[in-house]
Amino acid sequence: MRERREREMRIVENQNGRPRPSKPETIHGCAQSGDLVGLQKKLQENPSLLNTRNSIMSQTPLHVAAGYNNVSIVKYLLDLQGSEKLELEAKNMYGETPLHMAVKNGCSQAARMLIVHGAFLEAKTNNGMTPLHLAVWHALLQDDCTTVSTLLEFSADSSAKDDDGNTPLDLVLQHGSGSVKLQEILNRYNQEQRKRKAIGLVGEAKEKMEEFEAAMSKIVGLQELKLQLQKWAKGMLFDEKRRALGLNIAARKPPHMAFLGNPGTGKTMVARALGRLLHMVGVLPTDKVTEVQRTDLVGEFVGHTGPKTRRKIKEAEGGVLFVDEAYRLIPMQKSDDKDYGIEALEEIMSVMDSGKVVVIFAGYSEPMKRVIASNEGFCRRVTKFFYFDDFNTDELSQILHMKMREQNESSALYGFKLHPSCTVKTVSDLIARETTENQRKIVNGGLIDPLLANARENLDLRLDFDCSDVDSLVTITMEDLQAGLRLLSQ
């Protein structure tokens, strides 16, 4: 690779990095010689010549003027107002823009003009080199760091890599007689750039943590889970800062987990919030959550389950795969024949180390023991187990109030409100009186939506058509909630 680099650098040195001489009577000849009057005349006669390409390297007049540091020509072309629009990012046969041409020839004034007029600092040639790569080449050949300094002044990306994976600093280090001064300039700039990036991330991290806290505030109870999620969120954000400062740290393993608890305890809702969180802190490229059950994964015949499961895994890539009622993948009793659910579980386990998806297994606590015992690698891959306790009456009341506060236009209760007498305490007491502990355990948070639907029906039933009190038409009272609960009990 080093020999190839030196050969490429000799080619640039032999050509002086500039286009071969153009005929003086052409517009490219005027751009090369600095003949501003001649160039103006040719453009007045034929404006379409502005972006015309020469036959040697497919360069525009701006390429040529920039490569010879003819700043009066460059300025004129940049300021020109006419029917033709200047192609500031035009590329020659090597994929070089006018800015590439300026910096690789040490034309700092022309480069500055191009950048001020909006030239793209990170444009890449056919072999992936940015202007900074070519400025470094020039500095190594001519011992002149001027164009390098100009690009750094305008915050060129010193971490950009060419098609061989080399940064501008790598080119210096690979060059046997590399400039010590150039190394110092790039090293100092890299350190400053990392510090600026890290400082910028502080503000972003605070915003992300505020967003995270807001999402967590909408989840009732589950304090242990919230604390773990807060640890993850903060840790991920600190990792961003560490990498921004140039620290080479290990990547975190995908946080696969198991949610254990009865129906209605918020497992699906938390999984969706978790998908948003993991995307927000950079663990996952998307916030999508793909929810599946046994019927989505398991086929009816031999050979159907593997492809069916792999399609769902592919669909979930980049996000969370939420396997609800995961215990249904493992039969309650052992059989001589292999159950297809076990095959589906094995397919899921096989991709959990890839980092492409985060898997959450959910289900009742006791039956989930079958899943845990069914595969020796389960506990190695699933490192966090969260128990979703049944909601008490206070928590159910909080969920009811939260749902009423956060209705959207698609909700059946949009525009309705609770009567002031429906406090968290009074609604909690009502739920305790009208339901049994066993009833609450069976449905948990699933109690609230049908309760509110019944309460609205009761509101409609007790209102008179002659009612003219606008507030009464949309206010759910304790009487309505009590009637709703009694309907559910029946």
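The text that follows walks through the structure, step by step, so that each part is easy to find. Note that this is a predicted model, so its numbers are computed, not measured.

## A look at a negative patch on the surface
Then, number 1: Where like charges cluster on the molecular surface, the negative patch consists of E224, D389, D390 and E437.
Then, number 2: The residue E224 is located in helix α12 (residues 223-244) in this model.
Then, number 3: Judged by its relative accessible area of 54%, E224 falls in the exposed class.

## Looking at helix α22 (residues 448-462)
Then, number 1: Under the 1.5 Å per step criterion, the end-to-end length of α22 is 21 Å for 15 residues, consistent within 8% with the ideal 21 Å.
Then, number 2: Within the sequence span of α22, burial applies to I448, L451, L452, N454, A455, N458 and L459. With its buried residues spanning 160° around the axis, α22 presents them on a single face. Along α22, the residues that are exposed and aim more than 90 degrees away from the buried face are E457 and L461.

## Digging into helix α3 (residues 36-45)
Every α-helical turn comprises 3.6 residues, leaving residues that sit three or four positions apart pointing alike.
Then, number 1: Along α3, the residues classified as buried are G38, L39 and L43. The arc that holds every buried residue of α3, seen down its axis, measures 130°, which confines them to one face. In this structure, α3 carries V37, K41, Q44 and E45 as exposed residues pointing more than 90 degrees from its buried face.
Then, number 2: Those residues of α3 that are buried lie in contact with α2 (27-33) and α5 (71-79).

## Thoughts on the nonpolar core
One recurring pattern in soluble globular proteins: nonpolar side chains tend to sit buried together.
Then, number 1: Ranked by size, the top nonpolar core spans 46 residues in total, and within it L114, V148 and L182 carry the most contacts.
Then, number 2: Here this core takes seven residues from helix α8 (residues 131-142), the largest share from any one element.
Then, number 3: Not counting chain neighbours up to four residues away, the residues in contact with L114 comprise L62, A66, V74, L78, L88, P98, L99, A102 and A119.
Then, number 4: I219, L225, L278 and I360 belong to the second-largest nonpolar core, a separate cluster that totals 27 residues.

## Considering the pattern of salt bridges
Then, number 1: Going through the model one piece at a time under the given rule, you end up with 17 salt bridges.
Then, number 2: Of the charged contacts, one joins R328 and E325 as a salt bridge, the two residues approaching to 3.4 Å between their closest N and O atoms.
Then, number 3: On the basis of relative accessibility, which here comes to 26%, the residue E325 falls in the partly exposed class.
Then, number 4: Each of D353, R380 and R381 takes part in one network of salt bridges that share partners.

## Points about the layout of surface pockets
Then, number 1: Roughly 1000 Å³ of volume is contained in the largest pocket.
Then, number 2: Lining the largest pocket are 38 residues, and of these G266, T268, M269, R272 and K403 sit closest to its centre.
Then, number 3: Going through the elements one at a time, α11 (180-217), α13 (267-280) and α19 (393-405) are the ones with two or more residues in the lining of the largest pocket.
Then, number 4: Of the residues forming the lining of the largest pocket, the biggest block, eight residues, is contributed by α13.

## As for the side chain of Q407
Then, number 1: Assignment of secondary structure puts Q407 in the loop between α19 and β6 (417-418).
Then, number 2: The buried category is assigned to Q407, whose relative accessible area is 18%.
Then, number 3: With residues up to four places along the chain from it excluded, the contact list for Q407 reads L413 and Y414.

## A short note on the packing of helix α20 (residues 424-434) against helix α24 (residues 478-489)
Then, number 1: Contact pair α20 / α24: the axes reach a minimum separation of 10 Å and the direction vectors enclose 25°. If you check the angle between α20 and α24, you find them roughly parallel. In this structure, α20 meets α24 at a crossing whose hand is right-handed. Contact residues: T426, V427, L430, I431 and E434 in α20; M478, L481, Q482, L485, R486 and S489 in α24.
Then, number 2: Residues belonging to the contact of α20 with α24 are distributed by class as follows: six nonpolar, three polar and two charged.

## Side note on the sheet that holds strand β4 (residues 358-363)
Then, number 1: If you trace the five strands from one edge of the open sheet to the other, you get β2-β3-β4-β1-β5, paired in parallel fashion. Every interior strand has two partners, whereas the edge strands, β2 (289-292) and β5 (384-388), have only one. Strand after strand, the sheet turns through a mean of 20° between neighbouring axes, direction not considered.
Then, number 2: As paired strands, strand β1 (residues 257-261) and β4 are joined by four bridges and run parallel to one another. Residue pairing in the sheet places L260 in a bridge with G363 of β4.
Then, number 3: Helix α15 (residues 305-316) contacts β2 and β3 (320-323) of the sheet and is inclined by roughly 135° relative to β3.
Then, number 4: The sheet contacts of helix α16 (residues 340-351) involve β3 and β4, and relative to β4 the element is tilted by about 145°.

Definitions and cut-offs
Residues numbered from 1 in each chain as written. Predicted model: local features only at pLDDT ≥ 70, side-chain atom pairs only at ≥ 80, totals over all residues. Heavy atoms only, no water. Patch = residues over 30% accessible without salt bridge, like charges linked within 9 Å, V, L, I, M, F, W, Y side chains within 5 Å. Areas by Shrake-Rupley, 256 points an atom, 1.4 Å probe, with all protein chains shown as cover. Salt bridge = Lys/Arg side-chain N within 4 Å of Asp/Glu carboxyl O. Lys, Arg positive; Asp, Glu negative; His and termini not counted. Charge placed at Lys NZ, Arg CZ, Asp CG, Glu CD. Helix = DSSP H or I, 4+ residues; strand = E, 2+ residues; numbered from the N terminus. Buried < 20%, exposed > 50% of the residue type's maximum accessible area, 1.4 Å probe, protein only. Expected span 1.5 Å × (residues − 1). Arc of directions from axis to C-beta. Contact = heavy atoms within 4.5 Å. Core = buried A, V, L, I, M, F, W, Y, C linked by side-chain atoms within 4.5 Å. 1 Å grid on protein atoms, 1.4 Å probe; cavity = no way out; pocket = protein on both sides within 12 Å on 5 of 7 lines; lining within 4 Å. Points joined across faces, edges and corners; volume = space filled by probe spheres on them. Axes fitted to C-alpha atoms, helices over the stretch in contact; angles between N-to-C directions. Parallel < 35°, antiparallel > 145°, perpendicular 65-115°, else oblique. Left-handed = near helix turned anticlockwise from the far one by under 90°. Nonpolar A, V, L, I, M, F, W, Y, C, P; charged D, E, K, R; others polar. Pairing = 2+ DSSP bridges.

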